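A structural walkthrough
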Amino acid sequence: DSTSTTKNDAAADGPVTEPLAINVEPKTVTVGEGAAFPFVVTLNRAPEAPITLTVTSSAPGVATVAPAMLTFTAANFSTPQAVLVTGVPDDNTADGMANVTVAGSGVQTVTVAVKVTDDDKQAIVVAPTALSLVEGGAPGMATVKLAFAP
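The structure reproduced in this document is the subject of the present report. (Residues numbered from 1 in each chain as written. Predicted model: local features only at pLDDT ≥ 70, side-chain atom pairs only at ≥ 80, totals over all residues. Heavy atoms only, no water.)

1. Details of the overall build of the protein
To keep it simple, the criterion reads: Runs of E in the DSSP output that reach at least two residues are strands. Runs of H or I that reach at least four are helices, and both are numbered from the N terminus. Burial classification: accessible surface area is computed with a 1.4 Å probe over protein chains only, and a residue below 20% of its type maximum counts as buried, one above 50% as exposed, and the rest as partly exposed. Should any heavy atoms of two residues lie within 4.5 Å, those residues are counted as being in contact. The Shrake-Rupley method, run with a 1.4 Å probe sphere, supplies the accessible areas, and residue values consider only the shown protein chains as cover.
Helices and strands together make up the secondary structure of the protein, namely zero helices and 13 strands. Start at the N end of the protein and walk to the C end: the helices and strands fall as β-β-β-β-β-β-β-β-β-β-β-β-β. Here the protein holds 150 residues, and 27% of them are scored as buried. Relative to all contacts within the protein whose residues are 6 or more apart in sequence, the contacts with residues 24 or more apart total 56%. For the protein, the computed accessible surface area is about 9,000 Å², with 58% contributed by carbon and sulfur atoms.

Next comes the structure, spelled out in structure tokens:
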């Protein structure tokens, strides 16, 4: 069985089974648009056979992840493997939220909550930026709009 191991425990009447589990640190990430921040993944114990974990974003338009797969073996199960979360630039002023899941066969899925802080600032856009008017001449026209949806 590649998902549990047996160890002796003097306080127990029989063997204690420790299921294979994914560890992530930190469990929440805040990143700006266009910026990246890592979290690390390890396993709680050595797997009996190599295990590949998939890493996915619930909202790839908000946050992307790399790499998409991590492989752990008995030799590297406790060595942290970094996952880079990158905030995706958008054209609004709202912060974004996504969940990054780390999953594999025979292990419980772990979720990292991601907040992407928006770097866009609301502004008033006037076009053209200058008008030349002559007294008694033709009227001028300018358009005024918000840079981003409210």
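The discussion continues.
2. Some remarks on the environment of Arg45
Counted only if it meets this: Under this definition, polar contacts are N or O atom pairs within 3.5 Å; protein pairs additionally need one hydrogen-donor-capable and one acceptor-capable atom, and for neighbouring residues in sequence, both atoms have to be side-chain atoms.
Within the secondary structure layout, Arg45 lies in the loop between strand 5 (36-43) and strand 6 (51-57). A polar atom in the side chain of Arg45 sits 3.0 Å from the backbone oxygen of Glu18.

3. Comments concerning a nonpolar patch on the surface
As a reminder of what qualifies: Exposure above 30% relative accessible area and the lack of any salt bridge qualify a residue for a patch; like charges then connect within 9 Å, and the nonpolar side chains Val, Leu, Ile, Met, Phe, Trp and Tyr within 5 Å. By salt bridge we mean one thing: a side-chain nitrogen of Lys or Arg within 4 Å of a carboxyl oxygen of Asp or Glu.
Taken together, the side chains of Ile124, Val126, Val144 and Leu146 define a hydrophobic patch exposed on the protein surface, amounting to about 380 Å² of accessible area. Position of Leu146 among the secondary structure elements: in strand 13 (residues 143-146). The class for Leu146 is partly exposed, based on a relative accessible area of 41%.

4. So, the nonpolar core
Nonpolar side chains in soluble globular proteins generally cluster together in the buried interior. We count it as follows: Only buried residues count toward a nonpolar core. Its members are Ala, Val, Leu, Ile, Met, Phe, Trp, Tyr and Cys residues joined through side-chain atoms within 4.5 Å.
Judged by nonpolar contacts, the single largest core of 26 residues is most densely connected at Ile22, Phe39, Val41, Leu53 and Val114. Among the elements that make up this core, the one with the highest residue count is strand 11 (residues 107-117) (five residues). If we skip the residues at most four places from it in the chain, Phe39 touches Val24, Glu25, Pro26, Val29, Val55, Gln81, Ala82, Val83, Val85, Val100, Val102 and Val112.

5. What about the sheet that holds strand 6?
In plain terms, the rule: Here, any two strands with at least 2 DSSP bridges between them count as paired. Simply put, an axis is a line fit to the C-alpha atoms, just over the touching stretch for a helix, and the angle between two N-to-C directions goes from 0 to 180 degrees.
Judged by pairing direction, the sheet is mixed, and its five strands sit side by side in the order 4-11-10-6-8 without closing on themselves. Two strands close off the open sheet at either side, each with one partner strand: strand 4 (28-32) and strand 8 (69-72). Across the sheet, the mean angle separating the axes of adjacent strands is 25° when strand polarity is ignored. Strand direction decides the pairing type here: strand 6 and strand 10 (residues 96-104), joined by four bridges, are antiparallel. Bridge assignment links Thr56 to a residue of strand 10, and that residue is Thr101.

6. Quick word on unusual backbone geometry
Note: most residues except glycine have negative phi, and most peptide bonds are trans. Omega for the peptide link from Glu25 to Pro26 comes to -5°, which places this bond in the cis form. Note that Pro26 resides in the loop between strand 3 (22-25) and strand 4. Between Ala66 and Pro67 the backbone carries a cis peptide bond, its omega angle lying at 0°.

7. Regarding the pairing of strand 4
Here strand 4 shows a buried face lined by Val29 and Val31 and an unburied face lined by Thr28, Thr30 and Gly32. Here five bridges tie strand 4 to strand 11, and the two strands are oriented parallel to one another. Directly across from Gly32, in strand 11, lies its bridge partner Thr117.

8. A look at the side chain of Gln81
Along the polypeptide, Gln81 turns up in strand 9 (residues 81-87). Judged by its relative accessible area of 18%, Gln81 falls in the buried class. A distance of 2.9 Å separates a polar atom in the side chain of Gln81 from the backbone oxygen of Thr71.

9. Quick notes on the side chain of Glu33
By the secondary structure assignment, Glu33 is in the loop between strand 4 and strand 5. Contact partners of Glu33, with chain neighbours within four places excluded, come to Gly87, Val88, Pro89, Asp90, Val116, Thr117, Asp118, Asp119 and Asp120.

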